[in-house]
Amino acid sequence: MTHVVCEPCVDCKNTICVTVCPVECFHEDDNILYIDPDVCIDCGACLPECPVDAIYLEEDLPEKWKHYTALNKDKSRTTPVISEQKEPLGPGTPKS
Ligand code: F3S
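Residues numbered from 1 in each chain as written. Predicted model: local features only at pLDDT ≥ 70, side-chain atom pairs only at ≥ 80, totals over all residues. Heavy atoms only, no water.

Novice: Mind showing me how you'd approach the overall build of the protein chain here?
Specialist: When helices and strands are tallied, the protein chain shows one helix and four strands. Taken from N to C terminus, the helices and strands of the protein chain fall in the order β-β-β-β-α. Over its C-alpha atoms the protein chain spans a radius of gyration of 12 Å, differing by no more than 12% from the 12 Å that the globule rule assigns to 96 residues. Its C-alpha atoms give the protein chain principal-axis dimensions of about 30 × 30 × 25 Å. (Helix = DSSP H or I, 4+ residues; strand = E, 2+ residues; numbered from the N terminus. Rg over C-alpha atoms; globule rule 2.2 N^0.38 Å.)

Put into structure tokens, the structure is as follows:
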């Protein structure tokens, strides 16, 4: 099991999530973050922090975002770790 970053993060990258992660499992791409499933310890600390609800426990992923599990795993292999908060790109998709 792991946690997964999904579509609402795209063009938002709030990055508050990385400040609460105890194991530095977040990786950064141009417009989204990914979680390395081999590093994530499923503590769940990041989940309530994301202002746009982009982070899900793998088993709770909405059907339309299931493919983000493989995307997070694959992309976290080739993107750098991010462990410090940065200026957000934008508002993302607001919580409904
Ligand atoms: Fe993205 Fe939410 Fe983190 S928008 S960068 S998953 S706080």
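What follows picks up the thread again.
Novice: Just to check I follow, could you spell out the site of the ligand for this structure?
Specialist: Within the structure, the ligand sits among 13 residues, and Cys9, Thr15, Cys17, Leu33 and Cys50 are positioned closest to it. Taken together, the residues of the shell around the ligand break down into 10 nonpolar, two polar and one charged. (Near = heavy atom within 4 Å. Nonpolar A, V, L, I, M, F, W, Y, C, P; charged D, E, K, R; others polar.)

Novice: I would appreciate a short explanation of the nonpolar core in the present structure.
Specialist: Side chains of nonpolar character tend, in soluble globular proteins, to be buried together. Val5, Cys17, Phe26, Leu33, Ile35 and Ile55 are the most contacted members of the largest nonpolar core, which totals 24 residues. It is strand β3 (residues 33-35) that contributes the most residues to this core, three residues altogether. (Core = buried A, V, L, I, M, F, W, Y, C linked by side-chain atoms within 4.5 Å. Buried < 20%, exposed > 50% of the residue type's maximum accessible area, 1.4 Å probe, protein only.)

Novice: Help me understand the state of the cysteines, please; the structure alone is not making it clear to me.
Specialist: Here, the word disulfide means a covalent bond between the sulfur atoms of two cysteines. Going through the model one piece at a time under the given rule, you end up with zero disulfides. Lacking any disulfide linkage, Cys25 is separated from the closest cysteine sulfur, that of Cys21, by 3.6 Å. (Disulfide = S-S within 2.5 Å.)

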